[in-house]
Amino acid sequence: MEVDQLQRTFHHYHASLFNEGFLDEQFVQLQQLQDESNPGFVVEVVSLFFEDSERLLNDLSKALDQENVDFRKIDAHVHQLKGSSSSIGAQRVRDACIAFRNFCDERNIEACLKCLQQVRQEYLLVKTKLEALLRLEQQIVAAGGASPM
């Protein structure tokens, strides 16, 4: 695929992530922090988000599987995931975390388990979408184009 076509594909896909609510303006701000002196900034931040999210989702699964559920601990994990998702603009993950925290306050284990599934699903969706976006960027650069980020 030629560079112009790849760039059009990138911009269309990028716009769709905002139109479908996967990303918000915070992701644009993240992209604006990337420059020639740090060309891998977005990839680095997004990779850290993936690592943190997977660790937190595993911690949440373990915490909800305990005989005596510590809702303060669960809320702390969800709060951290909410902050992490907000910082990169993962809007749907953040929104799912807000609902999750409300059920922690109510100490509702069944609703928390459902919210964990919802947060995990939204995380996996945004991860897949961001990985595709970053692959497109790499293809553009490999084809000799400038990074669209």
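All values reported here derive from a predicted model rather than from experimental measurement.

Novice: Looking at this structure, I do not really get the environment of Leu 57. What am I missing?
Specialist: Its place among the elements puts Leu 57 in helix H3 (residues 41-64). Leu 57 gets classed as buried once you look at its relative accessible area, which sits at 2%. For the pair Leu 57 and Asp 95, spaced 38 residues apart in sequence, the C-alpha to C-alpha distance is 15 Å. With residues near it in sequence (within four places) discarded, Leu 57 still touches Leu 81, Leu 116, Val 119, Arg 120 and Tyr 123.

Novice: What's the story with unusual backbone geometry in this structure? I'm lost.
Specialist: The phi dihedral of Arg 107 is positive, around 60°, even though this residue is not glycine. Looking at the secondary structure, you find Arg 107 in the loop between helix H5 (91-106) and helix H6 (109-142).

Novice: Can you walk me through the packing of aromatic side chains in this structure?
Specialist: Describing an aromatic ring pair means giving the distance of the ring centres and the angle of the ring planes. For the structure on display, the rule yields three aromatic pairs. Pairing Phe 49 with Phe 50 gives two aromatic rings, centres 6.1 Å apart and planes at 50°, and the pair type is tilted. For Phe 49, a relative accessible area of 2% gives the class buried. You can call Phe 50 buried: its relative accessible area is 10%. Ring centres 6.3 Å apart and planes at 75° place the aromatic pair Phe 50 and Tyr 123 in the edge-to-face group. Linking Phe 50 in helix H3 with Tyr 123 in helix H6, this pair joins segments that are 73 residues apart in sequence.

Novice: Just checking my understanding: could you explain the pattern of salt bridges for this structure?
Specialist: Pairing between side chains becomes possible if they bear opposite charge and their charged atoms approach one another. In this structure the tally under the stated criterion is nine salt bridges. Residue Asp 52 pairs with Arg 55 through a salt bridge whose shortest N-O separation is 3.8 Å. Here Arg 55 and Asp 52 lie together in helix H3, a separation of three residues that amounts to about one turn. The class of Arg 55 is partly exposed, set by a relative accessible area of 36%.

Rules used throughout
- Residues numbered from 1 in each chain as written.
- Predicted model: local features only at pLDDT ≥ 70, side-chain atom pairs only at ≥ 80, totals over all residues.
- Heavy atoms only, no water.
- Helix = DSSP H or I, 4+ residues; strand = E, 2+ residues; numbered from the N terminus.
- Buried < 20%, exposed > 50% of the residue type's maximum accessible area, 1.4 Å probe, protein only.
- Contact = heavy atoms within 4.5 Å.
- Phe/Tyr/Trp six-rings, centres within 6.5 Å; stacked < 30°, edge-to-face > 60°.
- Salt bridge = Lys/Arg side-chain N within 4 Å of Asp/Glu carboxyl O.

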